[in-house]
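# Report on the structure
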Amino acid sequence: MRSRPTLLLAATAATALLTACGGGEAQLSAADEPLRVGASPVPHAEILRHIDDELAADAGLDLEIVEFTDYVQPNVALDDGSLDANYFQTVPYLEEQEASAGYDFTPLAPVHIEPLGIYSSTLTDLAALPDGATVAIPNDPTNAARALRLLEANGLITLADTGDAAPTSLDVQGNPKDLQISEVEAAQVPRSLADVDIAVINGNYAIEADLVPAEDALALEEAEGNPNANLLVVRTGDEGDERIQQLEELLHSDEVRQFIEDTYEGAVIPAS
């Protein structure tokens with residue numbers, strides 16, 4: 001396994017950000033103001049930092065990168081005006097969040113895919129998974145559905161046909177190994193790895209936990225045709241902001257594609 005720096009957003013920094021932005025009442029910044037983008041530390045903030053260090057100045061873009069270690073607060077901050085954009089989520093997750101919280105956001109073009117993987121601290125082959133094994137999966141609806149589908153794709157369970165609806169643990173129809181599935185907050189799943197037989201971990205959290213998906217995962221989601229690409233999200237109506245258009249162009253540049261391929265070695269895959 002390789003060692004990677006873990007970057008955390010302190011609560012005091014988040015508070016300072018909200019205060020500086022007028023407690024969430026800030027309007028879209030003028031074109032000469034920094035573009036405030038919320039991101040998960042790995043790989044999103046790392047990709048943004050590469051853009052800030054290597055590409056932004058030539059494009060006339062001033063980036064302010066704000067890191068979040070969960071999947072909830074970046075949308076809260078975007079909605080209340082503390083951020084101009086965020087970069088951490090997929091369209092299925094965004095749609096679930098919009099339905100539950102009433103957000104009015106617009107996703108831009110897919111940037112990269114972080115395949116979910118099945119990991120174990122004790123097994124080297126899924127075929128050796130014992131009957132009654134314990135399984136940890138993320139607890140948010142979107143990633144829980146992805147995890148269940150990955151378990152099904154590897155012959156561990158079968159799911160009822162839920163049509164367009166995301167499957168839940170209640171939709172497990174066949175469970176020949178009598179797996180005991182527990183749902184854990186996505187960021188905490190890697191920490192549960194020592195306490196379960198297998199865990200389904202989001203790509204970004206796997207990397208933060210010093211796991212190398214291409215080497216350490218017992219199984220990975222397929223990248224081709226995967227609808228769960230990560231992308232830039234903005235408040236609806238802000239798509240025309242010149243700064244957002246500049247960042248969007250840079251996120252899809254050949255330089256950023258090369259950075260992703262060289263840095264993450266298959267753990268993060270450019271979407272196009």
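Residues numbered from 1 in each chain as written. Predicted model: local features only at pLDDT ≥ 70, side-chain atom pairs only at ≥ 80, totals over all residues. Heavy atoms only, no water.

The next thing to look at is the packing of aromatic side chains. Under the criterion given, the structure shown has six aromatic pairs. Here a set of aromatic residues connected by ring pairs shows up, and it is made of Y71, F88, Y93 and Y205. (Phe/Tyr/Trp six-rings, centres within 6.5 Å; stacked < 30°, edge-to-face > 60°.)

As for its position among the elements, H44 is in helix α2 (residues 41–54). In this structure the side chain of H44 is engaged in a polar contact, spanning 2.9 Å, whose partner is the side chain of E114. In this view, H44 contacts A39, Y87, F88, H112, E114, N204 and N230; residues no more than four positions away in its chain are not counted. (Helix = DSSP H or I, 4+ residues; strand = E, 2+ residues; numbered from the N terminus. Polar contact = N/O pair within 3.5 Å; in protein donor to acceptor, adjacent residues only side chain to side chain. Contact = heavy atoms within 4.5 Å.)

Counting residues in each nonpolar core, the largest one holds 29 residues, and the members touching the most others are V37, I47, I51, L232, L247, L251 and Y264. Those elements that provide at least two residues to this core are β1 (35–39), α2, β3 (85–90), β4 (105–113), β12 (229–235), α9 (242–251) and α10 (254–264). A total of five residues in this core trace back to one element, the largest contributor, which is α2. Not counting residues up to four positions away in its chain, the partners in contact with V37 are L48, L63, E64, I65, V66, L83, A85, N86, Y87, L232 and L247. In terms of nonpolar packing, the next biggest core, distinct from the first, is built from 20 residues, L156, L159, L179 and V200 among them. (Core = buried A, V, L, I, M, F, W, Y, C linked by side-chain atoms within 4.5 Å. Buried < 20%, exposed > 50% of the residue type's maximum accessible area, 1.4 Å probe, protein only.)

Packing of α2 against α10 brings their axes to within 11 Å, and their N-to-C directions diverge by 130°. Judged on the interaxial angle alone, α10 and α2 are oblique. Both α2 and α10 take part in a crossing whose hand is right-handed. Note on element contacts: α10 touches α2 through E255, V256, F259, I260 and Y264, opposite V42, P43, E46, I47, H50 and I51. Across the contact of α2 with α10, the residue classes break down as eight nonpolar, one polar and two charged. (Axes fitted to C-alpha atoms, helices over the stretch in contact; angles between N-to-C directions. Parallel < 35°, antiparallel > 145°, perpendicular 65-115°, else oblique. Left-handed = near helix turned anticlockwise from the far one by under 90°. Nonpolar A, V, L, I, M, F, W, Y, C, P; charged D, E, K, R; others polar.)

Our next topic: the side chain of H112. The topology assignment puts H112 in strand β4. Look at H112 and you get buried, because its relative accessible area is 0%. Separated by 2.8 Å, the side chains of H112 and Y87 make a polar contact. Leave out the neighbours within four places in its chain, and H112 touches P43, H44, I47, Y87, A229, N230, I260, V268, I269, P270 and A271.

Moving on to the pattern of salt bridges. Under the defined criterion, the tally for this structure stands at seven salt bridges. A salt bridge links D84 to R36, with the shortest nitrogen-to-oxygen separation between them at 3.7 Å. Residue D84 is located in the loop between α4 (73–79) and β3, and its partner R36 is located in strand β1; the two are separated by 48 residues in the primary sequence. Grouping residues by exposure puts D84 and R36 together as buried. R243 serves as the salt-bridge partner of D241, at 2.6 Å between the closest nitrogen and oxygen. Sharing partners across several salt bridges, the network here consists of R36, D84, D241 and R243. (Salt bridge = Lys/Arg side-chain N within 4 Å of Asp/Glu carboxyl O.)

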